[in-house]
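# Close look at the chain arrangement
Each chain is listed here by its residues.
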Amino acid sequence: MYKVIRNEALDFLGQSYAAACPNLHQYPATMLPQIGSYLLNELNVKNGSLLDPYCGSGSSFISGLNMGFTDMAGYDLNPLAIRICESRFSKLNINGLKKEALKLRELIYESLKNNDLILIDNETDKITNFNYWFSDDVANSLRRIKHFIKQINSKKIKNFVELAFAETVREASYTRDNEFKLYRIKEEQTLLFNPDVYGLFFKKLDRNITIYKNYYYPLLEDEQELKFHNEPFVSTTKQYDIVLTSPPYGDSRTTVAYGQFSLFANAWLGIEKANTLDSNLMGGRKVKTLFDNSLINSELEAIKEQDNKRAFEVASFYYDLDHSIAKVASAIKQGGYACYIVGNRLVKGTTLSTDQFIAERFEKQGFKHVITYKRLLSNKRMPSENSPSNIKGIKANTMLYEYAVICERVS
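Rules used throughout
- Residues numbered from 1 in each chain as written.
- Predicted model: local features only at pLDDT ≥ 70, side-chain atom pairs only at ≥ 80, totals over all residues.
- Heavy atoms only, no water.
- Pairing = 2+ DSSP bridges.
- Helix = DSSP H or I, 4+ residues; strand = E, 2+ residues; numbered from the N terminus.
- Axes fitted to C-alpha atoms, helices over the stretch in contact; angles between N-to-C directions.
- Contact = heavy atoms within 4.5 Å.
- Parallel < 35°, antiparallel > 145°, perpendicular 65-115°, else oblique.
- Left-handed = near helix turned anticlockwise from the far one by under 90°.
- Nonpolar A, V, L, I, M, F, W, Y, C, P; charged D, E, K, R; others polar.
- Polar contact = N/O pair within 3.5 Å; in protein donor to acceptor, adjacent residues only side chain to side chain.
- Buried < 20%, exposed > 50% of the residue type's maximum accessible area, 1.4 Å probe, protein only.
- Right-handed = clockwise from strand over helix to strand, strands pointing away.
- Disulfide = S-S within 2.5 Å.

For the rest of this paragraph, the subject is the sheet that holds strand β9 (residues 367–376). Across the sheet, which stays open at both edges, the 8 strands sit in the order β1-β9-β12-β6-β5-β2-β3-β4 with mixed pairing between neighbours. At either end of the open sheet lies a strand with only one pairing partner, and these are β1 (4–6) and β4 (225–229). Each neighbouring strand pair of the sheet contributes to a mean axis angle of 15°, computed without reference to strand direction. Here strand β2 (residues 49–52) runs beside strand β3 (residues 71–75); their pairing, made up of 4 bridges, is parallel. From the neighbouring strand, S49 faces β3, where its bridge partner is D71. Set on the sheet, helix α4 (residues 79–89) makes contact with β3 and β4; between it and β4 the angle comes to about 165°.

Dropping the structure here:
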């Protein structure tokens, strides 16, 4: 077993994500940036190059910017995640952004006053049972906003504005609040649900401009190189000083449903095959064997005794994680570090030692395990309970702790 130390300094009790760096769009299971800053400082890695192969909404880049990094790259299969990162970490002209927002407001309200007809956008056909999720009035309002957003010439500013639109899409739908998966509000609630779509959109846009101006713009410098890629990380000739990341804790379908959470936003933004995202994330493909020659195998066998199918579903995640670690390991410099912040989920009453698995797989790639810190999971927005037995009413805590696994490349 790889050494684990309880580190209360990493609990950051009472510190929310938003207090340190308010996001421009909700995103599930975001890593607390203070954790990354703590680890970078402890390892004394500064002003180098940083990679996040599962970057989500970009928490690791906040940590990097706070530590003086100027060369960072992020990869994620979710287009919404990349859009959030690009909006947070692209250097924008504040005055130009405000002018475009004002112009957009004028165009939309002039169009409303004239009762202009906006053609239906076929991109929303990607949403199954569209009328089940959106009222006609909401859909028409969203189409009008999108029509004028598309006329913004600056790609960076348009991307920024689209982020406020993406969050408006979800909140103006019949989706239940505070859920990652798609659950519709009750039928009787739909009769009273009549959001002010235009007011909601401009409120979010104004909020995002204020947040960007006060929190992100001051962190960004012209010479910084931050690149974001909407694709899985693959081996590259570029070598990084450190990988700082918080990968998924399990397959998207049963852990955190990134695809479902992002479906409406991605579809309205014109992303192809927005409804297939979850199946393309780690653990989305089927395997026919449990993971061999690994400490995780005994845990998979324990799950198999209760549910054969579930064991192979879980195994598929670890096959994909192992494959990804091999690629990430090859991109780290000699003497560089891999820092993975993960959770050990509970499946069928068995706790899966994902932290131990990550240390094991990195050691097979020429790394040595330095330390694993255990922290109280108190400030991450993700499901705290599930039903591991699938028996109605019987629930269990999925995760109480998070683990920061640190490995160093030695060969």
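Structure shown, so let's carry the discussion forward.
With their axes 9 Å apart at the nearest point, α4 and helix α8 (residues 155–172) run at an angle of 130° to one another. Here α4 is positioned oblique relative to α8, judged by the angle of their axes. Relative to α8, the crossing made by α4 is left-handed. Seen from α4, the contacting residues are L80, R83, I84, E86 and S87; seen from α8, they are N159, F160, E162, L163 and A166. Looking at the contact of α4 with α8, its residues break down into 5 nonpolar, 2 polar and 3 charged.

Its place among the elements puts S173 in the loop between α8 and α9 (187–190). Of the polar contacts made by the side chain of S173, one reaches the backbone oxygen of R170; its length is 2.7 Å. Of the polar contacts made by the side chain of S173, one reaches the side chain of T175; its length is 2.6 Å.

Residues in a regular strand project their side chains so that they alternate between the two faces of the sheet. Within β3, 5 of the 5 residues are buried, leaving the element largely enclosed by the surrounding structure. Side chains of β3 alternate between two faces, with D71, A73 and Y75 and M72 and G74 buried alike. Chirality of the crossover, the property in question, places the unit of β2, helix α3 (residues 59–66) and β3 among those that are right-handed. With 5 bridges connecting them, β3 and β4 associate as parallel partners. Paired with G74 across the two strands is F228, which belongs to β4.

Right, let's get into the state of the cysteines. Scanning the entire structure with this criterion turns up 0 disulfides. With no disulfide partner, C55 has as its closest neighbouring cysteine sulfur the one in C85, 4.0 Å distant.

Most of strand β12 (residues 401–409) sits inside the fold, with 8 of its 9 residues counted as buried. Pairing of strand β6 (residues 332–343) with β12, which is carried by 7 bridges, proceeds in the antiparallel orientation. Bridging across to β12, Y337 finds its partner in E408. Note that β9 and β12 share 9 bridges and pair antiparallel. Its bridge partner lying in β12, K368 is registered against E408.

Functional significance is not addressed by these values, which are geometric in nature.
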